[in-house]
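# Structure assessment
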Amino acid sequence: MVIVIAPHAASIGDENAITRAPALPNKMEQRSMQRRRFKQTDSLEIRLGDQAERLRKEAQGTYPGVERERLIQRARQAETAAQMSDWLRPSAIPAPK
């Protein structure tokens, strides 16, 4: 017998909804929650290609098995993602007039 306990969701007219509402973060937490932003120096395709190359080299240094297959699979995924990103990038051909 499996018993599933789901968290209570507040509904309209629920008198306990106020007590279940999430607390708002204070000023200190808001400062620590700011995103860190930085400009990427290489394109996504280059970074994915580098990752795929690094993963393949790492896979060559491991013994045959689950971990090696996982590294090879991740390398293939990175290569496929780079190709898909390249396909979706707008071409340099100007639009027809």
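This section reports on the structure supplied with the text. (Residues numbered from 1 in each chain as written. Predicted model: local features only at pLDDT ≥ 70, side-chain atom pairs only at ≥ 80, totals over all residues. Heavy atoms only, no water.)

## As for the overall build of the protein chain
Put simply, the rule reads: Helix and strand assignments follow DSSP, with helices taken as H or I runs no shorter than four residues and strands as E runs no shorter than two, numbered in order from the N terminus. Values of accessible area rely on a 1.4 Å probe in the Shrake-Rupley scheme; residue burial ignores everything except the protein chains shown.
Broken down by element type, the protein chain carries four helices and zero strands. Listed by position from the N terminus, the elements making up the protein chain come as α-α-α-α. Surface summary for the protein chain: the accessible area is close to 9,400 Å², and the carbon and sulfur share equals 57%.

## Observations regarding the nonpolar core
Formally: For this analysis, a nonpolar core means a set of buried residues of the types Ala, Val, Leu, Ile, Met, Phe, Trp, Tyr and Cys, connected via side-chain atoms within 4.5 Å. Partly exposed residues are those whose accessible area sits between 20% and 50% of the maximum for their type, while under 20% is buried and over 50% is exposed, using a 1.4 Å probe and protein chains only. Any two residues whose heavy atoms approach within 4.5 Å at even a single point are treated as in contact.
L48, A52, L55, A59, L71, I72, A75, A78 and A82 together form the largest nonpolar core, which totals nine residues. Listed by contribution, the elements that provide at least two residues to this core are α3 (44-60) and α4 (66-88). Each residue touching A59, except ones within four places of it in the same chain, is listed here: R68, L71 and I72.

## As for a nonpolar patch on the surface
Rules: Patch membership requires more than 30% relative accessible area and the absence of a salt bridge. Residues of like charge join within 9 Å; the nonpolar side chains Val, Leu, Ile, Met, Phe, Trp and Tyr join within 5 Å. Salt bridges are counted wherever a side-chain nitrogen of Lys or Arg sits within 4 Å of a carboxyl oxygen of Asp or Glu.
A contiguous nonpolar patch, built from M84, W87 and L88 and spanning about 430 Å² of accessible area, is present on the exposed surface. Locating W87 in the fold gives a position in helix α4. On the accessibility criterion, W87 (66% relative accessible area) is exposed.

## Here's the deal with the side chain of S85
Threshold: We call two N or O atoms a polar contact when they sit within 3.5 Å, provided that within protein one can donate a hydrogen and the other can accept it, with sequence-adjacent residues counted only if both atoms are side-chain atoms.
The residue S85 is located in helix α4 in this model. On the accessibility criterion, S85 (17% relative accessible area) is buried. Within the local environment of S85, its side chain forms a polar contact with the side chain of E45, the two groups lying 2.7 Å apart. If near-sequence neighbours (up to four positions away) are discounted, S85 is found in contact with L44 and E45.

## A closer look at α4
The condition is simple: In this analysis, the expected span of each helix is defined as 1.5 Å times one less than the number of residues it contains.
In this model α4 runs 33 Å from its N-terminal to its C-terminal C-alpha over 23 residues, within 8% of the 33 Å that 1.5 Å per residue would give. Residues of α4 that are buried include every one of L71, I72, A75, A78, A82 and S85, and no others. Elements that come into contact with the buried residues of α4 comprise α3.

## A few points about the environment of L44
Take L44: it is sitting in helix α3. On the accessibility criterion, L44 (39% relative accessible area) is partly exposed. Note: C-alpha distance between L44 and D86 (42 residues apart in sequence) is 9.0 Å.

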